[in-house]
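Coordinate analysis (summary)
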Amino acid sequence: MGDGDRRGVAPLKITGNTAENWIIWRARFENYLIAAEINKKDEKTQCAQLLHYIGEDGFKIYTTFQFADNEKDKIKVLLEKFQSHFEGKQNISYERYKFFSLKQLEGQTTENFVTELKTQAGKCKLDQLQDSLTVTMIICGIRNVHVREKLLQEDNLELDKAVELCRVIESSKLRSEIMGSSVGAGAATAEINEVNRSRVKDRYVPKTINDCNKCGQEEHIAQITELVPNALDDDGNNGIILYQAIREYLRHNYRDL
């Protein structure tokens with residue numbers, strides 16, 4: 001047995017909902033048999049593994065079982081003995097009531113909701129109706145109205161297809177929202193740039209210069225310098241505003257350039 005298999009399976013809890021505890025424990029134990037390759041060994045060894053890992057309380061229950069000669073050291077028989085013991089403590093009507101009352105909670109993912117439905121359905125002994133009733137409960141309990149409408153449009157909808165449709169529709173909706181946010185951000189940026197251009201244009205007041213065409217260079221430079229503090233008064237985008245102010249000044253005063 002490898003290092004990852006030494007822990008095996010935690011003991012079965014014989015408190016609370018013991019029927020549910022057994023269902024989960026059995027599934028984990030059967031998975032352990034495969035992962036540790038114990039299932040390749042003889043059944044006597046597999047039975048010993050079960051009785052070892054089920055814990056002291058579970059072993060006490062085992063001592064109450066009666067076995068025919070041809071039932072001893074049979075892993076399937078041993079599992080069914082425990083199954084019958086714990087099923088007698090399960091209230092099927094109550095489990096079905098819980099199943100048919102399930103609704104997707106606010107903030108609960110669809111995947112988590114479907115898992116909860118499947119888990120609860122497994123406790124209800126619905127037999128061949130389990131998958132179809134689970135699909136019905138997905139349609140009835142899902143919060144997304146758009147997804148519900150799409151599911152109702154499908155005929156003879158199977159469970160796997162219903163789950164996949166939920167994923168596809170919700171993923172498409174998410175991508176659409178992300179794209180919408182990106183477009184909105186781009187429009188907002190363009191609007192801000194337009195406002196900045198308008199502010200520069202509104203605040204610029206060209207001064208009168210006697211020599212206004214390639215002469216009086218010192219005067220022109222002095223006037224450009226006077227624009228700098230005004231451009232730097234704005235919070236943010238100072239470099240853009242300064243550049244636009246100088247460009248506007250030159251356009252007005254150097255028309256021959």
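Check the entry above for the structure.
Note that the coordinates shown come from a computational prediction; the quantities given were computed from them, not determined experimentally.

Some details on the nonpolar core
In terms of nonpolar packing, the biggest core is built from 22 residues, with Phe-99, Leu-117, Ile-138 and Leu-151 touching the most fellow members. Sorting the residues of this core by element identifies helix 6 (110–121), helix 7 (130–141), helix 8 (145–152) and helix 9 (159–203) as the ones contributing at least two each. Top element by residues in this core is helix 9. It accounts for 6 residues. Aside from chain neighbours lying at most four places away, what touches Ile-138 is Phe-113, Val-114, Leu-117, Leu-151, Leu-159, Val-163 and Cys-166. Counting residues in hydrophobic clusters, the runner-up holds 21 residues, among them Trp-22, Leu-33, Phe-65 and Leu-78.

Describing the packing of helix 1 (residues 18–35) against helix 2 (residues 43–53)
Where helix 1 contacts helix 2, the axes come no closer than 11 Å and their chain directions differ by 135°. It follows from the interaxial angle that helix 1 and helix 2 lie oblique. Pair helix 1 / helix 2 crosses with right-handed handedness. Each of Trp-25, Phe-29, Tyr-32 and Leu-33 in helix 1 lies in contact with helix 2, whose residues at this interface are Gln-46, Gln-49, Leu-50 and Tyr-53. Taken together, the residues of the contact of helix 1 with helix 2 sort by class into 6 nonpolar, 2 polar and no charged.

So, the pattern of salt bridges
Counted according to the given criterion, the structure contains 10 salt bridges. Measuring nitrogen to oxygen at the nearest pair gives 3.6 Å for the salt bridge that ties Glu-37 to Lys-40. For the salt bridge of Arg-167 with Glu-164, the shortest nitrogen-to-oxygen distance reads 3.9 Å. Taken together, the residues span about one helical turn, with Arg-167 and Glu-164 both in helix 9 at a distance of 3 residues.

What counts, and at which threshold
Residues numbered from 1 in each chain as written. Predicted model: local features only at pLDDT ≥ 70, side-chain atom pairs only at ≥ 80, totals over all residues. Heavy atoms only, no water. Core = buried A, V, L, I, M, F, W, Y, C linked by side-chain atoms within 4.5 Å. Buried < 20%, exposed > 50% of the residue type's maximum accessible area, 1.4 Å probe, protein only. Helix = DSSP H or I, 4+ residues; strand = E, 2+ residues; numbered from the N terminus. Contact = heavy atoms within 4.5 Å. Axes fitted to C-alpha atoms, helices over the stretch in contact; angles between N-to-C directions. Parallel < 35°, antiparallel > 145°, perpendicular 65-115°, else oblique. Left-handed = near helix turned anticlockwise from the far one by under 90°. Nonpolar A, V, L, I, M, F, W, Y, C, P; charged D, E, K, R; others polar. Salt bridge = Lys/Arg side-chain N within 4 Å of Asp/Glu carboxyl O.

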